[in-house]
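Structural description and commentary
As a plain string of letters, each chain reads:
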Protein chains: 2
Amino acid sequence: MTFINPNYLKLQESYLFADIKKKVDAYGAANPGADIISLGIGDVTLPLTPAVTAAMHKAVDEMGRGDSFRGYGPEQGYLFLREAVVRHEYRESGINIHEDEIFVSDGSKCDVGNIQEIFDAACRVAIADPVYPVYLESNIMAGRAGEPDAAGHFSNIIYMSSVAENGFFPAVPHERADLIYLCSPNNPTGAVFTRPQLAEWVEYAAKNGAVILYDSAYADYIRDPSIPRSIYEIPGAEEVAVEFRSFSKKAGFTGVRCAYTVVPRPLAASGPHGERVSLNRLWSRRQSTKFTGVPYIVQRGAEAVYSPDGQRETSALIDYYMENAAIILDGLKGAGFEAYGGENAPYIW
Amino acid sequence: MTFINPNYLKLQESYLFADIKKKVDAYGAANPGADIISLGIGDVTLPLTPAVTAAMHKAVDEMGRGDSFRGYGPEQGYLFLREAVVRHEYRESGINIHEDEIFVSDGSKCDVGNIQEIFDAACRVAIADPVYPVYLESNIMAGRAGEPDAAGHFSNIIYMSSVAENGFFPAVPHERADLIYLCSPNNPTGAVFTRPQLAEWVEYAAKNGAVILYDSAYADYIRDPSIPRSIYEIPGAEEVAVEFRSFSKKAGFTGVRCAYTVVPRPLAASGPHGERVSLNRLWSRRQSTKFTGVPYIVQRGAEAVYSPDGQRETSALIDYYMENAAIILDGLKGAGFEAYGGENAPYIW
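Residues numbered from 1 in each chain as written. Chains lettered and ligands numbered in written order. Predicted model: local features only at pLDDT ≥ 70, side-chain atom pairs only at ≥ 80, totals over all residues. Heavy atoms only, no water.

Before going further, it helps to spend a moment on the pattern of salt bridges. In total, this model carries 44 salt bridges over all chains according to the counting rule given. B:Arg195 is paired through a salt bridge with B:Glu233; the nearest N and O atoms lie 3.1 Å apart. Taken as a pair, B:Arg195 in helix α6 (residues 195–208) and B:Glu233 in the loop between β5 (211–215) and β6 (241–246) lie far apart in primary sequence, 38 residues in all. You can call B:Arg195 partly exposed: its relative accessible area is 31%. Several salt bridges share partner residues, and in doing so they unite A:Glu89, A:Asp220, A:Arg229, A:Glu243, A:Arg245 and A:Lys250 into one network. (Salt bridge = Lys/Arg side-chain N within 4 Å of Asp/Glu carboxyl O. Helix = DSSP H or I, 4+ residues; strand = E, 2+ residues; numbered from the N terminus. Buried < 20%, exposed > 50% of the residue type's maximum accessible area, 1.4 Å probe, protein only.)

Take a look at the structure:
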């Protein structure tokens, strides 16, 4: 008799956004004339930019010719893309991240969902509340969450309230937390961490031997130059934090699928005998065993985001979404609603 | 103090094929004139066919225009591709598989690595030996394998010998097995299961309440019409088996990344109270939570494999690889080696 993973039965029946999509589709089918603006999942609406499609056409041609065809690529991503990421996302801002610390993937959702696999089942997990559902659900599936109460809160999860009353800043917990999921700019509140706030978290993690899982998929929407775009702007963060970044909202890649995760070489956690084990090595082992890399064509498209044309075009995309956010924020405030976000993030709360 | 998943320390230092690639690269760098034929990982060498690249160019254009751009797609894959798979891979052969039983993914490696997540940690795993390393390694990572002995064999794994002496046919085990990994055509031996052999396994699984995880990524290389290409050719298999299929070796997609997994609706396993739980529903929940679907451009390329031109071109690719296999097999036998495979599989053993 084969038994299922019983933790799956603790999940809601379906994934939040799959649920919303079904409802929107049903409404659209019942109301064929309706011009629906979906405010559910944070999807993009503008097409891929010319620099990206030109690079992808070129890559398709290469894949169709015997002298330039490429089969299996490196699981970690092609060096040309990892070099472009390092140069434009980190080194130009004075952050010392290296190519072998970058892991290209098919999406931050996959990476934030899978990263918990390399940690012990007994790790205590702390999650800002409200937040993107994958942090919690991937830990429910793995058995780290404990049991849900009547309100759907899980017994082993440390929920860190991030609401208007505390300026959307989750305070460091009094209890021991091993894995801390932070998201800035935040999905869904649109809040961002200031440099002192983020430094407080890095200090907490260093002092308590915790690991921060830092989701900054919306970093490009930060307008205020004093707000950190990467956790590695904080000294010492390379010893306590993994960072997740994506091309989805940066360059309209939600249907193209490309992201990357940074696991610095100095970052380690404890083995069963107290020895320090490199998380870069563990994540590399996980990815090379269970993942086969991102399509070559997609990686060439992502590389083109960093070309001069690509940077200009991408910047215009983000301006457009931020203009939309401003319109929504103004409209909501004008209608008398209390509303936040939309200034350094596309999200309104 | 954050602890790592201690099971990772039981793995070999690096993934087999990553290891081989490093050695081949190093040899190539040291011997720049060498014309290396790598017989390591089963990669393809011929470029994508014209039908596939034409479909991908069209899809890139669609993604570059506002009126045809697509953002997040369905996690399970676009219906156009699932319909093409059902029609050409199953219904045309009289196999009754439905569109909502197909899960499009970025590779069979990912799917065969991830499928174990939906099962209980205490499941007993049976694996043919020798076989593709991901079946074992994903279960080591999940803690199901137990401890390795001096020879590297794990205490909780049932190894099913598949060698020349038993015709490469793993006999059904005497012990209880919950999850059974079978691969036909086999990677690496090139052996295939006959219909009576496969029926024996389906009967074993039905009798013992076990689940067969059937990897038939090389189904298109089967030349003998009496050999089953899908496990669902065996009556009752839809109640005991998951099937993994890929475009990698069918259409040269190793660098493009597209595959699919079939989880039939009648397939169930036990919940903690003995209730039957649909594996289709669990896999759907897993994929919608931790995966975001395959690039639209890639799915259009995969769909084109089933167009009349695509089918003709793909068939020519497979003929070419099978001709290579025949040359290698003849060469080895001519040189006095005992060699198997190469008749219904690209592999030689």
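Once that is clear, we can look at the environment of B:Asn208. Position of B:Asn208 relative to the elements: it lies in helix α6. A distance of 2.7 Å separates a polar side-chain atom of B:Asn208 from the backbone oxygen of B:Tyr204. (Polar contact = N/O pair within 3.5 Å; in protein donor to acceptor, adjacent residues only side chain to side chain.)

This paragraph deals with the pairing of strand β2 (residues 125–129) of chain A. All names here are of chain A. Counted residue by residue, β2 has 4 buried out of 5 residues, so it is predominantly covered. Summarising the sheet, β2 and strand β3 (residues 157–161) pair through 5 bridges and their orientation is parallel. From the neighbouring strand, Ile127 faces β3, where its bridge partner is Tyr159. Handedness of the crossover joining β2 and β3 through helix α5 (residues 134–141) is recorded here as right-handed. Where β2 lies against strand β4 (residues 179–183), 3 bridges are found, and the strand directions are parallel. The residue of β4 that forms the bridge with Ala126 is Ile180. (Pairing = 2+ DSSP bridges. Right-handed = clockwise from strand over helix to strand, strands pointing away.)

This part takes up the nonpolar core. A:Ile180, A:Phe247, A:Phe253, B:Ile180, B:Phe247 and B:Phe253 are the most contacted members of the largest nonpolar core, which has 130 residues in total. When residues no more than four places from it in sequence are discounted, the contact partners of B:Ile180 are B:Ala126, B:Met160, B:Trp201, B:Tyr204, B:Ala210, B:Val211, B:Ile212 and B:Leu213. Core analysis: the second largest hydrophobic core is formed by 76 residues, A:Tyr181, B:Phe103, B:Ile118 and B:Leu179 among them. (Core = buried A, V, L, I, M, F, W, Y, C linked by side-chain atoms within 4.5 Å. Contact = heavy atoms within 4.5 Å.)

Another point: the relation of the copies chain B and chain A. When chain B is brought onto chain A, the operation consists of a screw motion whose angular component is 180° and whose axial shift is 0.0 Å, with 0.0 Å RMSD remaining. On the angle and the small slide along the axis, the relation comes out as a two-fold axis. Closest approach to the rotation axis among the C-alpha atoms of chain B is made by B:His57, whose C-alpha sits 3.0 Å away. Mapped onto chain A, 100% of the interface residues of chain B again fall at the interface, so both copies present the same surface. (Least-squares fit on C-alpha atoms with pLDDT ≥ 70 in both.)

Time to look at a nonpolar patch on the surface. Together, A:Ile37, A:Leu39 and A:Ile328 give the surface a local cluster of nonpolar side chains, amounting to about 340 Å² of exposed area. As for its position among the elements, A:Leu39 is in the loop between α1 (16–30) and α2 (50–63). (Patch = residues over 30% accessible without salt bridge, like charges linked within 9 Å, V, L, I, M, F, W, Y side chains within 5 Å. Areas by Shrake-Rupley, 256 points an atom, 1.4 Å probe, with all protein chains shown as cover.)

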